[in-house]
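Analysis of the macromolecular model
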Amino acid sequence: QFGELQDLDNAVIYLQRAIERASGDRQDYLWLLNNLGVSLQMRFEHTGETSDLENAIIAQRRAEELTPVDHPDKGGFLHNLGLSLRNRFSLSGELEDLEMAIAMLLRAIEIISDDNNSTQALLLGSLAGALYDRFAHFGEPEDLDNAIVAERRALELTSEEDIQRSARFHNLGSWLDSRYDRRGDQEDLENAIVALRQALDLNPNDNHPEKPKQLNTFGIALLHRYERLSDLEDLNGAVAAQRRAVE
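Rules used throughout
Residues numbered from 1 in each chain as written. Predicted model: local features only at pLDDT ≥ 70, side-chain atom pairs only at ≥ 80, totals over all residues. Heavy atoms only, no water. Helix = DSSP H or I, 4+ residues; strand = E, 2+ residues; numbered from the N terminus. Contact = heavy atoms within 4.5 Å. Areas by Shrake-Rupley, 256 points an atom, 1.4 Å probe, with all protein chains shown as cover. Lys, Arg positive; Asp, Glu negative; His and termini not counted. Charge placed at Lys NZ, Arg CZ, Asp CG, Glu CD. Phe/Tyr/Trp six-rings, centres within 6.5 Å; stacked < 30°, edge-to-face > 60°. Buried < 20%, exposed > 50% of the residue type's maximum accessible area, 1.4 Å probe, protein only. Axes fitted to C-alpha atoms, helices over the stretch in contact; angles between N-to-C directions. Parallel < 35°, antiparallel > 145°, perpendicular 65-115°, else oblique. Left-handed = near helix turned anticlockwise from the far one by under 90°. Nonpolar A, V, L, I, M, F, W, Y, C, P; charged D, E, K, R; others polar. Expected span 1.5 Å × (residues − 1). Salt bridge = Lys/Arg side-chain N within 4 Å of Asp/Glu carboxyl O.

1. Quick look at the overall build of the protein chain
When you go through the protein chain residue by residue, the secondary structure sums to eleven helices and zero strands. Listed N to C, the secondary structure of the protein chain is α-α-α-α-α-α-α-α-α-α-α in terms of helices and strands. Principal-axis analysis of the C-alpha atoms places the extent of the protein chain at approximately 70 × 40 × 35 Å. Contacts in the protein chain between residues far apart in sequence, at least 24 positions, make up 57% of those at least 6 positions apart. Of the accessible surface of the protein chain, which amounts to about 13,300 Å², a share of 48% is contributed by carbon and sulfur atoms. When the 25 basic and 45 acidic side-chain charges of the protein chain are each reduced to a single mean position, those positions are 1 Å apart.

Following this line, the structure appears as structure tokens:
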């Protein structure tokens with residue numbers, strides 16, 4: 001981790017110097033701004049230094065503003081800016097950041113070709129997370145519905161080899177269970193359990209940092225089904241999953 005952080009420090013210094021010395025090549029300047037933003041965002045994720053996040057947003061916003069709408073990199077720049085704004089919302093709770101993040105992600109999805117499945121999956125997954133954040137804040141059912149739709153579509157476009165499949169199945173299952181908790185639709189609960197089990201199957205490593213959370217969410221969904229159907233197998237499964245989560 002120290003080596004990674006040192007690499008990020010060096011990347012930030014290099015990119016800042018390159019931007020200061022940038023010639024008249026607009027394409028190079030846009031890429032330097034975007035890459036500086038991404039590097040600062042990554043360093044923020046390592047250190048929690050909020051000034052890095054603020055400077056990432058400044059650089060990414062500048063890159064996006066200078067990029068014509070028909071430029072092939074416009075969608076990617078919008079996506080990066082949307083992610084940084086969502087991260088700032090998570091820190092500050094400033095709703096304007098979340099609304100702007102959702103707007104940026106929607107624009108990115110409109111711009112990037114439907115033929116690019118992996119990129120579309122990435123964008124839809126990011127949009128789904130931002131919509132769920134807004135649902136968690138306001139409790140608007142439409143945001144939860146749209147988050148589920150977007151995550152399902154992201155999964156459809158995600159290749160079998162993509163390491164993000166486990167996380168996406170977990171998000172989908174967790175959000176379906178949340179919707180079941182509010183509406184009581186048995187189909188949502190059954191689909192939640194299927195998705196959460198798939199997430200666990202795709203993540204066999206018990207030392208993975210996300211494994212306890214996945215096990216806990218799966219256990220909660222099984223407990224919900226036990227409460228509804230009184231099947232002891234679900235209760236035993238819930239206890240076993242949550243026991244593993246804390247081991």
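2. Some words on the packing of aromatic side chains
Scanning all chains against the criterion turns up three aromatic pairs. Centroid distance W31 to F77: 5.9 Å. Interplanar angle 80°. Geometry classified as edge-to-face. In this pair, W31 is assigned in helix α2 (residues 26-47) and F77 in helix α4 (residues 74-92), connecting sequence segments 46 residues apart. Note on W31: relative accessible area 35%, which makes it partly exposed. Given a relative accessible area of 2%, F77 falls into the buried group. Consider the rings of Y132 and F135, whose centres lie 5.6 Å apart with planes at 45°: the pair is tilted.

3. A word on the packing of helix α8 (residues 165-183) against helix α9 (residues 186-201)
One can describe the packing of α8 onto α9 by two numbers: an axis separation of 7 Å at closest approach and a directional angle of 155°. By the criterion of interaxial angle, the relationship of α8 to α9 is roughly antiparallel. For α8 against α9, the interelement crossing comes out left-handed. Side by side, α8 and α9 meet where S166, F169, H170, L172, G173, S174, L176, D177, R179 and Y180 of the first sit next to Q186, D188, L189, N191, A192, A195, L196, Q198 and A199 of the second. Looking at the contact of α8 with α9 residue by residue, the classes come out as nine nonpolar, seven polar and three charged.

4. Digging into α8
When the terminal C-alpha atoms of α8 are compared, their 27 Å separation across 19 residues agrees well with the 27 Å that a helix rising 1.5 Å per residue should span. The element α8 is largely enclosed, with a buried count of 14 among its 19 residues. Backbone geometry just after α8 places G184 at a positive phi near 75°.

5. Some remarks on the pattern of salt bridges
If you walk through the whole model with that rule in mind, you get 19 salt bridges. For D145, the salt bridge identified is with R179, shortest N-O distance 2.9 Å. Of this pair, D145 sits in helix α7 (residues 141-157) while R179 is found in helix α8, placing the two residues 34 residues apart along the sequence. Relative accessible area serves as the criterion here: at 22%, D145 is assigned to the partly exposed category. Its salt-bridge partner being R244, residue D206 comes within 2.9 Å of it at the nearest N-O pair.

6. Quick look at unusual backbone geometry
Phi at S230 takes a positive value of approximately 60°, unusual for a residue other than glycine. Tracing the backbone shows S230 in the loop between α10 (211-229) and α11 (232-246). A residue is classified by how much of its surface remains accessible, and S230, at 55% relative accessible area, is exposed.

7. Here's the deal with the side chain of D73
With respect to the helices and strands, D73 occurs in the loop between α3 (50-66) and α4. Although D73 is buried, it forms no salt bridge, and the closest oppositely charged side chain is R26 at an N-O distance of 11 Å. Those residues in contact with D73 that lie beyond four places of it in its chain are Q27 and W31.

8. Some remarks on the packing of α10 against α11
As a packed pair, α10 and α11 sit with axes 8 Å apart at the nearest point and diverge in direction by 160°. Comparing their axes, α11 and α10 come out roughly antiparallel. When you trace α10 past α11, the crossing you get is left-handed. Within the contact between the two elements, α10 uses K211, P212, L215, N216, F218, G219, I220, L222, L223, R225 and Y226 and α11 uses L232, D234, L235, G237, A238, A241, Q242, R244 and A245.

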